[in-house]
Structures are given as C-alpha cells and as structure tokens.
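# Residue-level structure breakdown
One letter stands for each residue in the lines below.
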Amino acid sequence: MTPLLEARDLRTTFRTDDGVVTAIDGISFSVERGQTLGIVGESGSGKSVTSLSIMGLLPQSATVSGSVFLGGRDLIGLPDAELRKIRGNEMAMIFQDPMTSLNPVYTVGWQLEEAIRIHQDMNGSQARRRSQEMLAAVGIPNPDDRLKNYPHEFSGGMRQRVMIAMALANNPKLLIADEPTTALDVTTQAQILELMRNLRSEFDSAIIMITHDLGVVAELCEEVLVMYGGRVAEQGPVDRIFAQPSHPYTWGLLSSMPSRAQGRDRLTSIPGSPPSLLYPPAGCRFNPRCTFVSDACRVDPGPALRQVEDAGGLDHRFACHLDAATRVAEAARVAGQEPAS
Amino acid sequence: MIRYAIRRFLWGLLTLFVLLLATFVIFGPVLQGQKGVSAANTICGDKCSPERVHDITIFLGLDRPWYAQFGTYVERLVLGPSADEMARMCPQNNKATTDCVGRLGQSFKDQRSVDVVIGETFPTTLSLAIVSVIVWLVVSFAAGILSALRRGSLFDRMTMVVVLWGQALPIYYFGLLALWLLAFLPNSAQFESWFGFRVELFPIGNYEPLELSNPWPWFWHLILPAGTLALQFAALYTRMIRSGMLTALGEDYVRTARAKGVSPRRVVLRHAARNVLLPIVTMTGLDFGTLLGGAVLTETTFGLPGLGRQAIIAVGNLDVPMTSGIVLFAGAAIILANIVVDLLYATLDPRIRLG
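The rules we used
- Residues numbered from 1 in each chain as written.
- Chains lettered and ligands numbered in written order.
- Predicted model: local features only at pLDDT ≥ 70, side-chain atom pairs only at ≥ 80, totals over all residues.
- Heavy atoms only, no water.
- Contact = heavy atoms within 4.5 Å.
- Buried area = accessible area lost by both parts, 1.4 Å probe.
- Salt bridge = Lys/Arg side-chain N within 4 Å of Asp/Glu carboxyl O.
- Polar contact = N/O pair within 3.5 Å; in protein donor to acceptor, adjacent residues only side chain to side chain.
- Helix = DSSP H or I, 4+ residues; strand = E, 2+ residues; numbered from the N terminus.
- Buried < 20%, exposed > 50% of the residue type's maximum accessible area, 1.4 Å probe, protein only.
- Core = buried A, V, L, I, M, F, W, Y, C linked by side-chain atoms within 4.5 Å.
- 1 Å grid on protein atoms, 1.4 Å probe; cavity = no way out; pocket = protein on both sides within 12 Å on 5 of 7 lines; lining within 4 Å.
- Points joined across faces, edges and corners; volume = space filled by probe spheres on them.

### Structural notes on the interface of chain A and chain B
- Facing 29 residues of chain A, the contacting portion of chain B comprises 21 residues.
- Together, the buried faces of chain A and chain B total about 2200 Å²; carbon and sulfur atoms form 54% of this surface.
- Summed over the shared surface of chain A and chain B, the result is 2 salt bridges.
- A salt bridge links Lys260(B) to Glu114(A), with the nearest nitrogen and oxygen atoms 2.8 Å apart.
- At the junction of chain A and chain B, the tally comes to 13 residue pairs in polar contact (both at pLDDT 80 or more).
- Here the side of chain A that touches chain B takes 6 residues from helix H3 (residues 108-119) of chain A, the largest share from any one element.

Here is the structure:
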C-alpha cells in the first residue's frame, strides 16, 4: 500500500540579504493513513519549515525542491490555483498561536463557514449546520450561540479548538499541527492533545505533529522524525526510538525531558546552541555540541542516514559515525533513565 | 449603543460650549474697543449716526459686563434673534429681515446675517471636501494595497517617491502648478502659437453650484482644487495603508486564511484590508470633519467662495461675529465627525465594547 503522504529529498532554501539559507537539507519521510508522525527538534531545526513547505505557504523568497506526494500527486511545483483546492480540503493545518491565528474582525461562524464553502458546494444554512457540528465535535458548548462570537470572546484553548474544527471541517486526509499546544497552559495542553487523539480516530485523518516536546510524541505518535539543523538525525517508530535511541542528539533530547529526570536534582541540557543555517558547521551539524565527536564528524558531507543494525525488521534510521559498541551502551543508559511508565 | 451615542452627543455639546466660551474670551477684547472709543463706533465707521452706534451697543451688550455679553450671545445662539433685535439691527428698507441678523449675529462688514453667509459658503466647502475625500480614498487604497503587494518593485518605489513629494510640498505650490499647467497654459496665446489651437481644459478657479440635472460644470470646477487637496491626504493615506497592509499580510490570521485555501484576492481584500480599514476610518472621519470647517489654502488658491476663504476675509476685516461664527461652525463639524467616527468604529471593530 502506498503511504498517504510521502516526502522525498525535500529541500528548502531561502534567499536572504546575507546569502542562501538552507532550512531543510534533503529529508524524506512518509505518513500512512490514520497514523501520526511526530517531527521533533529545537527551534531552527527546520520542523516548521517542513510543514509550510508541504502546505506551500512559504514566502516568495523560499525555493522548495524534491517531491511531496499526497494521494499520488506531487505537491511541489503544483500551480498555486491547484494547490489551493488541496489546502484546507485534503490537507489542513493548525498553528502554534491560537490567539493570533483567527481574524479578529470576523465571527468564528463566518470563518468556519468560509473554510467550508471554499471547498464544498453548500448554501449558507448547510454551511452553518456543518459549522455547528464541527464546534460540537471539538467540545465547544452551545455551538449555535458561539458561532456568532468573535475570536476575542474565546479563551486560548477554545480558540485552538475552533482552529481544529476549521481544519477538520472538510474531512482532510492529512492534518498538520505545528506546535498546537505550545502557546497553551498545561491543563489546556492535555485537553487539546486528548481532543486530537479522539478526533484522529473519528475523522481517520493522518496527522503530522510538529513539536519540541517528546512527551507529546510519546503520547500521540507512532512514528517520529528527529530533526537537527535542517537534517534528519534519527527516524523510526516511537517505541523503538524511546527504547533504543541511536543518535547523540536524541540522547540529549531524552535526557532533558523533565518526566525522565525524576529523582535527579537537575535536568540535563545539551550544551551550546542550535547551528546557524547560514554558516552551518562542516560535516555533522551536531558535531560542535556532541560529547562523542571525532574527526570524522567534521568532514563533509556528514554521516549518511542509515539503518540501525538490530532493528528487527523495523525502519529505524540514524545519521551518526559513532562506533556500535559505544552507541548501544549509551542508548541503554539513556533509555534506562526512563521511569516506569 | 444608543445610550453610548446619547452620552457621546451630550459630551459633544459640552465641548461645544467650552469652545464657545473660548472663542468669546479670545475675540472679546476686540469688542472692548480702544482707549475710550467705543467698539460700536469702530464697527460702524465714521459716517455712522448716533442711533446706529446705540443700536450696535445694545445688540452686542457693550454697555454691560462681559458675562452679560456672553449670556446675550448664547441666548441668541440657542433661541435665535428676537424680533426686537431684528428691528433694531436691520435697515428700514431691508424687507428680508432674517437676512441681516442670525443666531450667530451680524457681520460687522456688510450688515448681513452670519448664518446666511455661512449657509451660502458652506456648499462650496462641502463639495470640495466630498469630492476630495472620494479621490484620496480611492487613490490611496489602490496605491497602498498594490505597493504593499509588490513591495520593493518599481511601482512601489515610484509610489513612495510621489508620496514623499505630495507630503513635502504645500498645497498652494501644487495648486498654482496645476492651475498654470492645466488651466492657464492650454488656453493661452503661447499655447496657440505652438500647437495652433487653444482649449479650456480646466477653469482658472471659481465655483459652480451643483445642478442635479447637469452636475458636470460643478464637477469640472472642482477637479483641480479637489485633486490638489486630495493629493496631500492621499500621500499620507497611501503610506498608512501600505504599512498597514504589510503588517496585516504578515499576521497569523492571513496565514490561516491561506491555509484554508482562500484565493489571494480574497486574502488581500477580505482578510488583510478589512483590518487596515479601522485606523483609516478614524483618520478619514477626522480629516473630513476638519475640511468641513474650510480648506483655507485650497479655497484661496483656487478662488473658491467657501468657508475657509470667508474666514480669511473675516479675519482681515476684524469681523468678530463672522470669524467666531465660522470657528464655532468648524468646531461643531469636528466634534460631530468625532462622534460619528467613534460610533462607526464600534460597529467595525467587534473588540470595542461600548459602555
């Protein structure tokens, strides 16, 4: 069976005044129907640019190459008029900040109905009924009254529910969620994640979940893509990567998770800061911050993405030069920190 | 909403009263006259009969303290001139007695009612304001949105140059330039010697009242003055709309709209421009209100018999009732424009709650 979405060698560059910035440097992944893929990484790792590249929402200064197949059709290079029929219809997106993502001068009902009527041949009252259903589906009480309200009359969590309702209104095959819970407070975060989990089965949409929170990945995703400096550091099934992480950057991410640090005094952090995409380090992008760095790591083009040796038939890849013995030992140590969950 | 409107209106009346008092205080000393010579004498001139001087003194209350003068002034404004006052101030041979005394008093210059003079000159000013507000809004929305969409393009840079030009140079410069190039030159002997014909492309100033059956002469006379006046506003508004659009187009909600599959045209016009509309409505309302008090420079340059030019004439004649009448009228227009803007804003921006 072909995957719902397949990205091959996706590469996105930006022209800036200082030169060309490579935000995504050739990444490949796929998402099956009804599945959730997590894309994790720090700020600047290229995870948001990945989602915007798929949606075709990047500014004019961006150049995207490679291919992204959705239902067999390559989205890259598709004219905007064609892409518009797919956006909001076959694939939809929700964004990080629900406080600013809705237009302040139109009612929530207006914005929902707009989303529906762009893609579906419905009259006003049909679209209104559909909007009501959607608000009810995302757990907003009194949807009939709430449709007449403006965004400022909703709380952050409620606005994110509206965004989700708007995204799912046309039954998209793919939902891209770009850090949907980052701007929300902790209790609301849990509610939104719960909602997304329920809606996934109800609408049978595949989800690409972009986050910097491995906790979200553990809760919601089957597959995960760990990005660093515009490249894939490690990718594979979530259980597998939590059990046997194989890239030093993944180790760093796992060690810095608060839930895994119980019983210790301090959280472990990764020293240094993310690389400049304008002047990236030679070789492995992570080498300046890596504890296990060797001379081989500083040589271009850097380690290739390869299969983990004992993956047991699972597709678990990583990009690192570290020798197998050290890697397995360190993986065991990092995975061993995990509290019984 | 209605309660808010009423309260806003009452505040407007209070503001107007303060303005009334202020103009009275400012112009009051003129009425006191110079060194023992009664102001009534000065107003009336040398050939004035003692009866006339007496009438003026009684009418303005010059024989009473200033607060009584102010009282008379306000009373006349609210209730209108009494029959007694009209009989006193209007010459015996003047049949249309309402033409010589109004609520705002009588002009020192030609014994005419200030109300009537304002009523005669205001249509010119109103026409000028309406035509130019339409011109500058159309021009600045088109130029502002286009240059925001094509930021950094030749069009954008040209627009910004014109904007700078329009803002930097005064109205009388552009007015005279336009008059000379578009009205005088095409209809001159010089032009005929060059091209063998002459044409009256635009009139050299002046005003033609609006005839609904044939509005063209009215419009034809207004094109140059309204265009000149509009240019200055269009420059500012284009800049505002351009930067507003640039901000709006970078907002998250615009990205959301695009992610929904909304067409670029609709994204720009319905989602971005709608948010830019709010500050522009405020500015337009206030600028329009200000223009209703008379566009002094434009009216003077183009010889339009409007309120602004009337004000200049009145000031030159030390015509206190006329000057303070126009000031009061202009002030009322601005106060009214403020109220309208506030009410309009509340309906346009759902985030504003009235109370």
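This is not the end of the story, as more comes after the structure.
### A closer look at helix H10 (residues 248-255) of chain A
- With 8 of 8 residues buried, H10(A) is to be regarded as a mostly interior element.
- Looking only at H10(A), the buried set comprises Pro248(A), Tyr249(A), Thr250(A), Trp251(A), Gly252(A), Leu253(A), Leu254(A) and Ser255(A).

### Topic: the nonpolar core
- Judged by nonpolar contacts, the single largest core of 102 residues is most densely connected at Phe29(A) and Ile208(A).
- The dominant element in this core, judged by the number of residues it contributes, is helix H6 (residues 156-168) of chain A, at 7 residues.
- Residues contacting Ile208(A), with those up to four places away along its chain left out, are Leu5(A), Phe29(A), Val31(A), Leu37(A), Ile39(A), Ile54(A), Leu174(A), Leu175(A), Ile176(A) and Ala177(A).
- Judged by nonpolar contacts, the second largest core, of 59 residues, contains Leu229(B), Ala230(B), Met245(B) and Leu307(B).

### A few points about the layout of surface pockets
- Space inside the largest pocket adds up to approximately 1100 Å³.
- Lining the largest pocket are 34 residues; nearest its centre among them are Leu57(A), Leu58(A), Pro59(A), Gln60(A) and Arg258(B).
- When residues of the lining of the largest pocket are traced back to their parent elements, those giving at least two are helix H1 (47-55), strand S4 (62-70) and helix H2 (80-86) of chain A together with helix H6 (114-149), helix H10 (216-249), helix H11 (252-260) and helix H12 (264-292) of chain B.
- At 4 residues, H11(B) tops the list of elements feeding residues into the lining of the largest pocket.
- Here the second largest pocket defines a volume of roughly 680 Å³.
- In terms of lining residues, the second largest pocket is bounded by 35 residues, among which Ser28(A), Val232(A), Gln235(A), Leu305(A) and Arg317(A) are the most central.
- Listed by contribution, the elements that provide at least two residues to the lining of the second largest pocket are strand S1 (5-16), strand S2 (19-31), strand S9 (223-228) and strand S10 (231-237) of chain A.

Distances and angles like these do not, on their own, reveal function.
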